[in-house]
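# Topology and contacts: notes
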Amino acid sequence: MRRPKLRRAAILVVSAVVLAGAFVAVTLFFVTTHWGQSIDQSAFNGAKLGQRTVAPPTLFLLDALPIVGIASAAIFAIIVTVTRRNWSVLIVALSTALVANLLTQVLKNFLISRPDLGVHGFADNSLPSGHTTLAASAALVVFLVASPRRRPLMGTLGAVFTAAVGVSTLANQWHRPSDVIASMLLVAFFGCIAGLVLLGPRFSTNDLRTDRWSRALLLLTLPCAGFAIATVFIAGLSPIAYLGAATSIIGCAFLLAAAANHAFRTVL
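As the structure is a computational prediction, the values presented were derived from the model and not from experiment. (Residues numbered from 1 in each chain as written. Predicted model: local features only at pLDDT ≥ 70, side-chain atom pairs only at ≥ 80, totals over all residues. Heavy atoms only, no water.)

### So, the overall build of the chain
When its secondary structure is counted, the chain shows ten helices and zero strands. At a minimum sequence separation of 6, the contacts of the chain that also span at least 24 residues come to 86%. For the chain, the exposed area adds up to about 12900 Å²; of that, 72% sits on carbon and sulfur atoms. (Helix = DSSP H or I, 4+ residues; strand = E, 2+ residues; numbered from the N terminus. Contact = heavy atoms within 4.5 Å. Areas by Shrake-Rupley, 256 points an atom, 1.4 Å probe, with all protein chains shown as cover.)

### Side note on the packing of helix α6 (residues 130-145) against helix α8 (residues 177-199)
The interhelical angle for the contact between α6 and α8, taken along N-to-C directions, is 30 degrees, at an axis separation of 9 Å. As the angle between them shows, α6 and α8 are arranged roughly parallel. When you trace α6 past α8, the crossing you get is right-handed. Counted together, Thr 132, Thr 133, Ala 136, Ser 137, Leu 140 and Leu 144 of α6 and Val 180, Ser 183, Met 184, Val 187, Gly 191 and Ala 194 of α8 form the full contact between these two elements. Residues belonging to the contact of α6 with α8 are distributed by class as follows: seven nonpolar, five polar and no charged. (Axes fitted to C-alpha atoms, helices over the stretch in contact; angles between N-to-C directions. Parallel < 35°, antiparallel > 145°, perpendicular 65-115°, else oblique. Left-handed = near helix turned anticlockwise from the far one by under 90°. Nonpolar A, V, L, I, M, F, W, Y, C, P; charged D, E, K, R; others polar.)

### Points about a nonpolar patch on the surface
Together, Ile 78, Val 82 and Trp 87 give the surface a local cluster of nonpolar side chains, amounting to about 300 Å² of exposed area. Structurally, Trp 87 can be placed in helix α5 (residues 87-111). Judged by its relative accessible area of 46%, Trp 87 falls in the partly exposed class. (Patch = residues over 30% accessible without salt bridge, like charges linked within 9 Å, V, L, I, M, F, W, Y side chains within 5 Å. Salt bridge = Lys/Arg side-chain N within 4 Å of Asp/Glu carboxyl O. Buried < 20%, exposed > 50% of the residue type's maximum accessible area, 1.4 Å probe, protein only.)

### Side note on the side chain of Arg 151
Following the sequence through the fold, Arg 151 ends up in helix α7 (residues 151-171). For Arg 151, a relative accessible area of 2% puts it in the buried group.

### So, helix α9 (residues 212-232)
Over its 21 residues, α9 runs 31 Å from end to end, which matches the ideal 30 Å to within 8%, given 1.5 Å per residue. The elements touched by buried residues of α9 are α7 and α10 (238-263). (Expected span 1.5 Å × (residues − 1).)

### Thoughts on the environment of Leu 127
Tracing the backbone through its elements, the reader meets Leu 127 in the loop between α5 and α6. Along the chain, Leu 127 and Thr 27 lie 100 residues apart, while their C-alpha atoms are 7.7 Å from each other. With residues up to four places along the chain from it excluded, the contact list for Leu 127 reads Phe 23, Thr 27, Val 31, Leu 107, Lys 108, Ile 112, Ser 178, Asp 179 and Ala 182.

### A short note on the nonpolar core
Counting residues in hydrophobic clusters, the biggest one holds 54 residues, and the most contacted among them are Phe 23, Leu 144, Val 145, Met 184, Leu 185 and Ile 249. Where this core is concerned, the elements lending two or more residues are α1 (2-32), α2 (34-46), α4 (55-84), α5, α6, α7, α8 and α10. (Core = buried A, V, L, I, M, F, W, Y, C linked by side-chain atoms within 4.5 Å.)

### What about the packing of aromatic side chains?
This structure, assessed with the given rule, holds five aromatic pairs. Pairing Phe 29 with Phe 30 gives two aromatic rings, centres 4.8 Å apart and planes at 85 degrees, and the pair type is edge-to-face. Given a relative accessible area of 27%, Phe 29 falls into the partly exposed group. Joined through ring pairs, the aromatic side chains of Phe 29, Phe 30 and Trp 35 make up one cluster. The ring of Phe 143 has Arg 151 lying over it, and the distance from NZ or CZ to the ring centre is 5.6 Å. (Phe/Tyr/Trp six-rings, centres within 6.5 Å; stacked < 30°, edge-to-face > 60°. Lys NZ or Arg CZ within 6 Å of the ring centre and 35° of its normal.)

### Some thoughts on unusual backbone geometry
Of note, the bond from Leu 127 into Pro 128 is cis; its omega dihedral lies within 30 degrees of zero at 0 degrees. In the Ramachandran plot, Arg 85 falls in the positive-phi region, its phi being about 55 degrees despite a non-glycine side chain. Inspection of the secondary structure assignment puts Arg 85 in the loop between α4 and α5. Backbone geometry places Gln 173, a non-glycine residue, at a positive phi of 55 degrees.

### Quick look at the packing of α9 against α10
Packing of α9 against α10 leaves a shortest axis separation of 8 Å and a crossing angle of 150 degrees. Relative to α10, the element α9 lies roughly antiparallel. Considering how the two elements wind past one another, α9 and α10 form a crossing that is left-handed. Of the residues in α10, those in contact with Ser 214, Leu 217, Leu 218, Leu 220, Thr 221, Cys 224, Phe 227, Ala 228 and Thr 231 of α9 are Ile 240, Leu 243, Gly 244, Thr 247, Ser 248, Ile 250, Gly 251, Phe 254, Leu 255, Ala 257, Ala 258 and Asn 261. Broken down by class, the residue content of the contact of α9 with α10 amounts to 13 nonpolar, eight polar and no charged.

Taken by themselves, the reported measurements are silent on function.
Take a look at the structure:
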């Protein structure tokens, strides 16, 4: 029992380090370099395409998110917690979500500044995205309290929900694409921290079933990544940059969910 537990802890520690490094890299490139700012701004400008197509319904989603999203996650989490009697998991999950949201506001408003590098457009820093952090952290709470059997499905649904909110913030020109991706990386980092905390008092070696949800997420991630990378070379065309950014947000959400399903498949 001890060896599998150490191996699972090592996976979570390595994942946390990688996610922290990815967050720093995204922040440095898209906030402090001319090329990164240009790509971000091009996608942001191209979001006018989204405003003509998907923005009206997504604006409703964004407006309803603070109440509906948190309420739905809270109701589900409480029902599952009462059923499974895992109150310690709920406390850790809620604490993790709270810290992630507080840190998002501190980073965005006080610690990260966006230098003027001559890129014309929206000048103020908006990284990380508060709406995306809220959506991702709500999905994380549901993911953590779910049983190992149901967790892959919850991770998949959470990824779809988070991606929808992230793309919506871009389509409505509330945030740049890097803001959204940084938020997802931040929440995923705290998910690893929560896993390490929970790994101490509880550890389950339920028999491992084939995770078809994660396989599906990975299969969807590959074309998303390919299209997003291809659009970088023609990022000067704003509509193409917007589509590439939206695709990268979706791909990132799916990849993180698939990784979380694997990392947590024997935890709790």
